[in-house]
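One-letter residues, chain by chain:
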Amino acid sequence: VAELEDVTSAVVIADASVAALYGKRATDSLSAAGMAASLIDFPAGEEHKTLRTVHAVFDRLFAVRPQADRRTVIAALGGGVAGDLAGFVAATALRGLRWVQCPTTVLADVDASVGGKTGVDHEAGKNLIGAFHQPAGVLMDVETLATLPEEHFRNGLAECVKHAVIRDASLLDFIEDHAGRILAREADILTDFLARNVAIKAAVVSADEREAGERAHLNYGHTIGHAIETHVGYAHIRHGEAVSLGMTAANHLAVERGLLESEAADRIEDLLKRLGLPVRREGLDAEKIWQIMQHDKKAVGGQVRMVLPVMIGQVAVFDDITPAAVRGAVAALSL
Ligand SMILES: NC(=O)c1ccc[n+]([C@@H]2O[C@H](COP(=O)([O-])OP(=O)(O)OC[C@H]3O[C@@H](n4cnc5c(N)ncnc54)[C@H](O)[C@@H]3O)[C@@H](O)[C@H]2O)c1
Ligand SMILES: [Zn+2]
């Protein structure tokens with residue numbers, strides 16, 4: 001990357017699990033390229049995506065010798081947590097250092113590493129503190145996915161189905177045709193598959209970097225999905241599982257409104273199931289979910305906004321979502 005020609009030192013930031021797996025390989029290759037390289041790790045897990053961890057990383061960053069300066073580059077190595085946290089460190093250290101993202105989860109490959117959002121959580125909510133800070137580059141190595149635990153692998157596939165439904169019917173065909181090889185993590189199929197997903201997310205966010213219009217389409221499956229996450233508790237459901245349920249509920253709502261053919265909804269549902277993602281869940285309280293949706297930071301004046309598919313590959317935004325429609329869609333998740 002031309003933008004990085006004057007870099008003299010590199011600091012790799014990774015969570016402890018990824019640091020143990022790939023940290024040495026990363027710093028060795030940076031050293032081999034002639035840079036002073038060091039590694040800073042932090043405890044793995046969303047619960048550590050906090051200002052407290054950022055502070056601990058700063059303590060170590062400013063103790064690194066040679067001292068970090070404008071020619072230092074940050075490398076965020078790992079999943080979305082490392083990307084968001086290290087990206088935020090890069091955005092704020094010395095008023096902004098250049099950084100490179102090295103994603104090692106499906107979610108980070110196709111979603112978190114595209115768009116330039118960085119940040120951490122606060123007790124009051126997820127991702128409340130942050131900055132837009134575009135990386136100078138993204139270096140993706142699909143072979144790192146070989147060690148990713150199965151549930152994290154499937155978690156990221158929910159966003160891939162989302163990308164297909166909002167933009168690209170042929171990507172849905174591709175996932176259907178190659179589901180077995182994707183789940184077996186064959187490197188050549190994963191390379192094509194992840195690249196197609198990156199291209200969709202990149203096209204959507206570059207059309208709308210600050211989230212005024214089109215970027216909202218990425219919220220497909222996320223309005224009800226986030227409410228389900230809040231309702232059952234982040235510790236009890238993975239984001240991808242909630243999004244899978246959220247997409248299924250949104251599809252149901254779209255079919256009920258006459259927007260989407262039920263065959264299309266069934267096709268998406270079958271694919272989610274094949275990928276090991278949930279499309280049914282007992283014990284969801286539709287009333288609570290509706291209330292949470294009204295308080296979502298993306299709801300404007302209590303008005304719930306949802307992204308609904310009109311066909312596979314095309315979505316539209318609706319502002320006239322009724323509590324009855326949401327109740328019906330949530331009830332359909334326990335049928
Ligand atoms: N910035 C954005 O635009 C954006 C978009 C979507 C999500 N996110 C954020 O991403 C985060 C979730 O990311 P995630 O699901 O990647 O979680 P994560 O970063 O916590 O990674 C999941 C787990 O997998 C481990 N791991 C990562 N790579 C591995 C590998 N190759 N082999 C073995 N283990 C590995 C990690 O140590 C961790 O325990 C959330 O905080 C979310 O807010 C950000
Ligand atoms: Zn998501």
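Further up the page is the structure itself.
Quantities reported herein were computed from a predicted structural model and do not represent experimental measurements.

Peer 1: Please give an account of the overall build of the chain that cites residues and values.
Peer 2: Of the regular secondary structure elements, the chain holds 12 helices and nine strands. Computed over its C-alpha atoms, the radius of gyration of the chain comes to 20 Å, within 12% of the 20 Å expected for a compact globule of 335 residues. With respect to the three principal axes, the spread of C-alpha positions in the chain is 60 × 40 × 35 Å. Evaluated residue by residue, the chain yields a buried proportion of 51% over its 335 residues. Nonlocal contacts in the chain, meaning residues at least 24 apart in sequence, comprise 74% of its contacts between residues at least 6 apart. With the model as given, the accessible surface of the chain reaches about 14700 Å², and the carbon-plus-sulfur share is 53%.

Peer 1: Mind laying out the pairing of strand β8 (residues 306–311), listing which residues take part and the relevant values?
Peer 2: A regular strand carries its side chains on alternate faces of the sheet. Alignment of β8 against strand β9 (residues 314–318), held across five bridges, turns out to be antiparallel. Residue pairing for β9: L308 is matched across the bridge by A316.

Peer 1: Residue-level account of the coordination of the zinc ion (ligand 2), with values.
Peer 2: Taken together, the protein ligands of the zinc ion (ligand 2) are E159 (OE), H222 (NE2) and H239 (NE2), with distances of 2.0 to 2.1 Å. Every donor residue of the zinc ion (ligand 2) comes from the same chain, spaced as E-x62-H-x16-H. Here E159 is found in helix α5 (residues 150–167), whereas its partner H222 is found in helix α8 (residues 222–232), with 63 residues between them in sequence. Per residue, the accessibility class of E159 equals that of H222, and both read buried.

Peer 1: Before we move on, could you go through the site of ligand 1 and cite the residues and values that matter?
Peer 2: By nearness alone, 27 residues border ligand 1, and D15, E46, T104, T105 and T147 come closest of all. A distance of 3.0 Å separates an oxygen atom of ligand 1 from a polar atom in the backbone of V81. Within the backbone of T144, one N or O atom sits 2.9 Å away from a nitrogen atom of ligand 1. Starting from 870 Å² of accessible surface for ligand 1 in isolation, the protein chains cover 87%. Those elements that provide at least two residues to the shell around ligand 1 are α1 (16–32), α3 (80–92), α4 (106–112), β6 (125–132) and α5. Top contributing element to the shell around ligand 1 by residue count: α1, with four residues.

Peer 1: So, the sheet that holds strand β3 (residues 72–78): which residues are in play, and what are the values?
Peer 2: Across the sheet, which stays open at both edges, the five strands sit in the order β2-β1-β3-β4-β7 with parallel pairing between neighbours. Of all the strands in the sheet, the pair left with one neighbour each is β2 (36–42) and β7 (137–138). Here strand β1 (residues 9–15) pairs with β3 via six bridges, running parallel. In the strand pairing of β3, I13 is matched with A76. Packed on one face of the sheet, α1 meets β1, β2 and β3 and runs near 165° to β1. Contacting β1, β2 and β3, helix α2 (residues 51–61) runs over the sheet at an angle of about 155° to β2.

About the criteria used
- Residues numbered from 1 in each chain as written.
- Chains lettered and ligands numbered in written order.
- Predicted model: local features only at pLDDT ≥ 70, side-chain atom pairs only at ≥ 80, totals over all residues.
- Heavy atoms only, no water.
- Helix = DSSP H or I, 4+ residues; strand = E, 2+ residues; numbered from the N terminus.
- Rg over C-alpha atoms; globule rule 2.2 N^0.38 Å.
- Buried < 20%, exposed > 50% of the residue type's maximum accessible area, 1.4 Å probe, protein only.
- Contact = heavy atoms within 4.5 Å.
- Areas by Shrake-Rupley, 256 points an atom, 1.4 Å probe, with all protein chains shown as cover.
- Pairing = 2+ DSSP bridges.
- Donors = N, O, S within 2.8 Å, 3.2 Å for Na, K, Ca; no water.
- Near = heavy atom within 4 Å.
- Polar contact = N/O pair within 3.5 Å; in protein donor to acceptor, adjacent residues only side chain to side chain.
- Axes fitted to C-alpha atoms, helices over the stretch in contact; angles between N-to-C directions.

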